[in-house]
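Chain residues, written in single-letter form:
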Amino acid sequence: MEQAKLGTKKRLFSGIQPSGTLHIGNYFGALQQWLEHQAEFDCVFSVVDYHALTSVKDAALLRENTFNAFRDLLAIGIDPNKSILFQQSRVQEHPELAWILDCLVPVSMLELGHAYKDKVAKGLDANAGLFNYPMLMAADIILYDTDVVPVGADQRQHVEYAREAAAKFNLAYGKTFVEPKEMIVENVAIVPGTDGKKMSKSYGNTIPLFGSRDEIAKAVMSIVTDSTTTEDYSHVAFQKAPLQTVRPANLYMIHKLFKPDSILFPLYSANQNNYKALKEILIEDIDVFVAPMREKWASITDADVKRIVEEGSAKAKAIASAKMADVRQKIGVTL
Ligand code: AMP
Ligand code: TRP
């Protein structure tokens, strides 16, 4: 019974690069959706360390980030009994299929890839891995007969490329891959950072998800509070616009992730001139929200992480290798 029910669920795949400590922007912008999808979909989640290799060149750092990414995902509630959670580099079928897809798509298509194009536009040297990045991502997705891929709007093109690559393969060799669709939550929170710009590791404006209370307090106290109102934030596609004007907007926009408008409106109007008090409330609210995850984080041992990564990767490998047996047959490399 249970088996049959599982089989009717749509397959969902998503991945995250192990490129540093998670912040609340990652959580509300992406990972919270992963958690919600676990019930409805047959989920496969990957820590894509070979993608991170396009930018991280320090072995110890890559290892540490990858390990921590797994611990973080488990601590927020990714459940290895419900979803497959695996390390990309342990399933060699990914780079293998990426090569085969590279042989099907034109250079002109990859030249238009955002990550590559943006780097070149900035006059920076892009490595060939960055150029081929979309086909590795395509391989991630289509190896698992994925129906849907939840991603931020910035990843829309990459999922289109995956669909295109699947279609090209199917056309050349016969129907083999499901052509995946992106799932983009249109008004997903673009979480502002402590300076009002998009929260991002590269801007140094983050509030860490698993920070200690002191670290959270330090980040919140550094939030720039000026006289901007929530109306000034219409450029940030931030959930639904608040029903009334609130200030200081930067603080409020972050606070809104943790408490509903109905509680925040009166609180913010009662503290119009006391930003410090508002910040102290926000620190407490973040702390209360994070505390259970932090506790779970601390309870997960290194051995747990290793075992879960091994088991999840073995499950992924079984699916991917069956798919690749078919692919090898079809392309003519089996003798
Ligand atoms: P990154 O670390 O930038 O590769 O982001 C990992 C995931 O978190 C991506 O799916 C992003 O869309 C999401 N993300 C990162 N920063 C933010 C932010 N400030 N607001 C919303 N989502 C974010
Ligand atoms: N490129 C994605 C990002 O930077 C990460 C990623 C790699 C991914 N492979 C994937 C996301 C497959 C979804 C599906 O966020």
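This is a predicted model, so every value here is computed, not measured. Sequence positions are assigned chain by chain, starting from 1 and proceeding in written order. Here every chain gets a letter starting at A, and every ligand a number starting at 1, in the order they are written. Since the coordinates come from a predicted model, pLDDT governs what is reported: local features require at least 70, and pairs of side-chain atoms require 80 or more to be given and counted, while whole-chain, interface and lining totals use all residues. As a rule here, side-chain values cover all heavy atoms of the structure and leave hydrogens and water aside.

### Observations regarding the environment of Glu111
- Along the chain, Glu111 turns up in helix α6 (residues 107–111).
- Sequence spacing of Glu111 and Asn132 is 21 residues, and the spatial spacing of their C-alpha atoms is 9.4 Å.
- Filtering out sequence-adjacent residues up to four positions away, Glu111 remains in contact with Tyr116, Lys117 and Phe131. The numbering of helices and of strands both runs from the N terminus, where a helix is a DSSP run of H or I of at least 4 residues and a strand a run of E of at least 2. Contacts are assigned to residue pairs that have any heavy atoms within 4.5 Å of one another.

### So, the packing of aromatic side chains
- Stacked, edge-to-face and tilted labels apply to pairs of Phe, Tyr and Trp rings (six-membered ring for Trp) whose centres lie within 6.5 Å, assigned for plane angles under 30 degrees, over 60, and everything in between, in that order. Under the counting rule described, the total for this entry stands at 15 aromatic pairs.
- Consider the rings of Phe13 and Tyr144, whose centres lie 5.5 Å apart with planes at 25 degrees: the pair is stacked. Pair noted here: Phe13 is in strand β1 (residues 11–16) and Tyr144 is in the loop between α8 (128–142) and β4 (148–150), with a separation of 131 residues, a long-range link. For the pair formed by Phe13 and Tyr144, the shared burial category is buried.
- Considering the side-chain rings of Phe28 and Phe258, the 5.3 Å spacing of their centres and the 85 degrees angle between planes classify their relative orientation as edge-to-face. With Phe28 in helix α2 (residues 24–40) and Phe258 in the loop between α11 (249–255) and α12 (261–270), this pair connects stretches of sequence that are 230 residues apart. Each member of the pair, Phe28 as well as Phe258, is classed as buried.
- One aromatic cluster is present, built from ring pairs that chain together Tyr27, Phe28, Phe258 and Phe289.
- Directly above the ring of Trp297 sits Arg71, whose terminal nitrogen or CZ lies 4.8 Å from the centroid.
- Seen from the ring of Tyr203, Lys197 lies directly overhead, with NZ or CZ sitting 4.5 Å from the centre. Here's how the labels work: a residue is buried when its accessible area is under 20% of the maximum for its type, exposed when over 50%, partly exposed in between, all with a 1.4 Å probe on protein chains only. Put simply, a charge is over a ring when the Lys NZ or the Arg CZ is close to the ring centre, within 6 Å, and near the line of the ring normal, within 35 degrees.

### Here we look at the packing of α8 against helix α9 (residues 156–173)
- The contact between α8 and α9 brings their axes to 8 Å, and the two run at 70 degrees. Classified by the interaxial angle, the pair formed by α8 and α9 is roughly perpendicular. Facing α8, whose interface residues are Tyr133, Pro134, Met135, Met137, Ala138, Ile141 and Ile142, α9 presents His158, Val159, Tyr161, Ala162, Ala165 and Ala166.
- Taken together, the residues of the contact of α8 with α9 break down into twelve nonpolar, one polar and no charged. Angles run from 0 to 180 degrees between N-to-C directions of axes, and those axes are lines fitted to C-alpha atoms, restricted for helices to the stretch in contact. If an angle is under 35 degrees, it is roughly parallel; if it is over 145, roughly antiparallel; if it lies from 65 to 115, roughly perpendicular; otherwise it is oblique. When residues are grouped by polarity, Ala, Val, Leu, Ile, Met, Phe, Trp, Tyr, Cys and Pro land in nonpolar, Asp, Glu, Lys and Arg in charged, and all others, Gly among them, in polar.

### Quick word on the pattern of salt bridges
- Definition used for salt bridges: Asp or Glu carboxyl oxygen within 4 Å of a side-chain nitrogen of Lys or Arg. The final tally for this structure, using the stated rule, is 18 salt bridges.
- Where Arg163 meets Glu182, a salt bridge forms, and the shortest distance between an N and an O atom there is 2.8 Å. One end of the pair, Arg163, is in helix α9; the other, Glu182, is in strand β5 (residues 181–183), with 19 residues separating them in the sequence.
- The exposure class assigned to Arg163 is partly exposed, which follows from its relative accessible area of 25%.
- One salt bridge in this structure joins Glu284 and Arg213, with 2.8 Å as the shortest N-O distance. With Glu284 in helix α13 (residues 275–299) and Arg213 in helix α10 (residues 213–221), this residue pair connects regions lying 71 residues apart in the sequence.

Honestly, it's all geometry; don't read function into it.
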